[in-house]
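Observations on the three-dimensional arrangement
Residue-level listing of the chains:
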Amino acid sequence: MTPTSQLAPELAPQLLLAWQDWASLFIHYLSLSLLAIGGAISTASDMHRFLVDEQHWLTDAQFNASIAIAQAAPGPNVLFIALMGWNVGLNAGSMLTGLLGVFTAMLGMLIPSTTLTYLAAQWGHRNRELRAVRAFKQGMAPIVVALLIAIGWVLTAANGSGMNNWPVWLLTAMTTLIVWRSKIHLLWLLGAGALLGWFGMV
Amino acid sequence: MTLPTHEPRAQPQSLTDLFISFSLLALQGFGGVLTVVQRELVEKKRWMTREEFVEEWAVAQIMPGPNVVNLSLMIGARYFGFKGAMAALAGMLTAPLVIVLLLALVYAQFAGHPGVQGALRGMSAVAAGLITATGLKLVGALQKNVLAWPLCIALGVLCFLAIALLRWPLAYVLLGLGVAACTLAYKRLEP
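What counts, and at which threshold
- Residues numbered from 1 in each chain as written.
- Chains lettered and ligands numbered in written order.
- Predicted model: local features only at pLDDT ≥ 70, side-chain atom pairs only at ≥ 80, totals over all residues.
- Helix = DSSP H or I, 4+ residues; strand = E, 2+ residues; numbered from the N terminus.
- Buried ≥ 20, exposed ≤ 12 C-beta atoms within 10 Å, placed from the backbone.
- Contact = placed C-beta atoms within 7 Å.
- Nonpolar A, V, L, I, M, F, W, Y, C, P; charged D, E, K, R; others polar.
- Domains from an automatic or database assignment.
- Core = buried A, V, L, I, M, F, W, Y, C linked by C-beta atoms within 7 Å.

1. What to know about the overall build of chain B
Scanning chain B from N- to C-terminus turns up seven helices and zero strands. Its helices and strands in sequence order give chain B the pattern α-α-α-α-α-α-α, from N to C terminus. Across its three principal directions, the C-alpha atoms of chain B cover 60 × 50 × 30 Å. By the burial criterion, 51% of the 191 residues in chain B qualify as buried. Within chain B, residue pairs in contact and separated by at least 24 positions form 57% of the contacts whose partners lie at least 6 positions apart.

Set out below in structure tokens:
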């Protein structure tokens, strides 16, 4: 294990994990999977209780870095689960156990929810002419559309709410307007945001 | 897509096409993949209409688990059944997983750099705008909704208030407003 392979080398615990421990890691994620309505992040507080407070498999720094890196990286945010597994595995010895951690955590988190979603979606598609199925899709539509706008609002507020944060708000507002009204490639906007941030302008 | 114009609609050509398409979507999705999925699959590739996208998204949102993972699974399954679901899911997760692990390996060296922190801050401001804009675009998909405008607006405003301003837990909001909205829709649909 090289120092760079850890998120917080000075704090990381050295773990000796038996197969029962791997099993309990797997079962922990299995048990959270079906509770994760609105995304895996909604169960993060329970993961923190288990991984950091009870088992001491991760430090607070490793836990927070797992979420931060997954959010900064491309791809679905659920990969923070993979990073938590990775860090538990690294604490247990090597990159190999790190990979074991990745698959243990991700499979535990994804198998129940994807199975249920797959079955429900297939059932819904077969019965798409049913009045109840049509009512569900029509009824949920305005709610999930508004939910996106609400989440955008929440994310904006999370970037700072004081008056001195006006450049961040302006950047978000401009982005909203541009994406809403034009076909410009999204990566240009993300690149512009990164540059503005790098030079301390937002 | 180079389909002839008389073709009723575009769709993925193969499992490989699905896998690659979803890999590319995922790799463009900094701070949320949903905006990219809507952009590429609805506006560019035209695999689905705006209305169909909202319907699929409603299911993906209400089911447990990561939303865009659910969405990719459902879209893949729609074209190629179980194999399609797995191909789309693998596309969504494989390449980003490799990148996120590489980032974790170098994170310790760069996390404290003020430029990096600033860039992340700028990108998350843009990401917030992307999500908001996706929501605004999809408002148009409600035009044909059986609930009709006034009711759609009312439900939308209530949802926004509950989540954005009151910060109520998502599960309760989805359940409470959802049951009301689906009941209303059920009554308005022809038996």
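2. Topic: the interface of chain A and chain B
In this complex, chain A contributes 84 residues to the contact, which on the side of chain B involves 91 residues. Among the elements of the structure, helix H3 (60-72), helix H4 (79-91), helix H5 (95-126), helix H6 (131-158), helix H7 (166-181) and helix H8 (186-198) of chain A are those that each provide at least two residues to the side of chain A that touches chain B. Top element by residues in the side of chain A that touches chain B is H6 of chain A. It accounts for 25 residues. When the residues that make up the side of chain A that touches chain B are grouped by side-chain class, the tally is 55 nonpolar, 26 polar and three charged.

3. Side note on the domain arrangement of chain B
For chain B, the domain assignment lists domain 1 (6-100) and domain 2 (145-191). Each of domain 1 of chain B and domain 2 of chain B has a C-alpha centre, and the two are 25 Å apart.

4. A few points about the nonpolar core
Leu79, Ile81, Ala82, Leu83, Met84 and Val144 of chain A together with Cys159 of chain B are the most contacted members of the largest nonpolar core, which totals 121 residues. Top contributing element to this core by residue count: helix H4 (residues 67-110) of chain B, with 17 residues. Residues within four places of methionine 84 of chain A in sequence aside, it is in contact with Met47, Leu51, Leu58, Phe63, Ser66 and Ala105 of chain A.

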